[in-house]
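Observations on the model geometry
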Amino acid sequence: PNGKSERSYGMKDRIKVYADTELTHKAKLVYLYLLERVNRADSTCFPSIKTISRDANLSESSVKRSLNELLERNYIAKEHRFRSNGGKSSNLYHIL
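Residue positions are given per chain, counted from 1 along the sequence in the order it is written. In view of the model being predicted, local features appear only for residues whose pLDDT reaches at least 70, and side-chain atom pairs are presented and counted only at 80 or more, with totals across whole chains, interfaces and linings using the full set of residues. Note that water and hydrogens are dropped before the side-chain values are worked out from all heavy atoms of the structure.

In this description, an aromatic ring pair is defined by two values, namely the gap between the centres and the angle between the planes. Think of it this way: a Phe, Tyr or Trp ring, Trp meaning its six-membered ring, pairs with another when their centres are within 6.5 Å, and the plane angle makes it stacked under 30 degrees, edge-to-face over 60, tilted otherwise. For the structure on display, the rule yields 1 aromatic pair. Considering the side-chain rings of Y31 and Y75, the 5.1 Å spacing of their centres and the 65° angle between planes classify their relative orientation as edge-to-face. With Y31 in helix α2 (residues 25-37) and Y75 in the loop between α4 (60-72) and β2 (76-79), the pair connects residues that are 44 residues apart, well separated along the chain. In this scheme, Lys NZ or Arg CZ marks a charge over a ring once it lies within 6 Å of the ring centre and within 35 degrees of the ring normal. Against the face of Y33 rests R37, its NZ or CZ located 3.6 Å from the ring centre. Note that R81 overlies the ring of F46, its terminal NZ or CZ placed 4.5 Å from the centroid. The helix count covers DSSP runs of H or I at least four residues long, the strand count covers runs of E at least two residues long, and both are numbered beginning at the N terminus.

Attention now goes to the nonpolar core. The nonpolar side chains of soluble globular proteins are, as a tendency, buried together. Among buried residues, the Ala, Val, Leu, Ile, Met, Phe, Trp, Tyr and Cys ones that are joined through side-chain atoms within 4.5 Å form a nonpolar core. Only protein chains enter the area calculation, which uses a 1.4 Å probe; residues under 20% of their type maximum are buried, those over 50% are exposed, and those in between are partly exposed. Core analysis: the largest hydrophobic core is formed by 22 residues, its most contacted members being Y31, L34, L67, L70 and I76. Of the residues forming this core, the biggest block, 7 residues, is contributed by α2. Throughout, a residue-residue contact means that at least one pair of heavy atoms, one from each residue, lies within 4.5 Å. Excluding anything up to four places from it in sequence, L70 contacts L23, A27, V30, Y31, Y75 and I76.

Structure follows, in structure tokens:
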């Protein structure tokens with residue numbers, strides 16, 4: 001009704017990531033975490049590294065490595081975000 005097509009994130013996305021034997025188990029966990037938090041209207045989410053780390057019980061270093069792995073394998077895209085005062089905010093992640 002609003003002219004935007006909404007993408008459904010479900011079994012197909014999960015099966016794709018489960019079947020990828022090149023992806024580490026930590027990267028799979030981070031991807032599934034992002035899928036659970038994605039805005040269905042625009043395929044984006046913006047959890048901080050710290051939040052992902054805490055919720056997924058992974059170190060911040062593991063989360064960063066996992067996100068880089070997902071970027072390299074074209075599961076996600078990343079957009080830097082900044083506050084109005086110029087300070088960094090959490091990244092915006094696009095599910096591809």
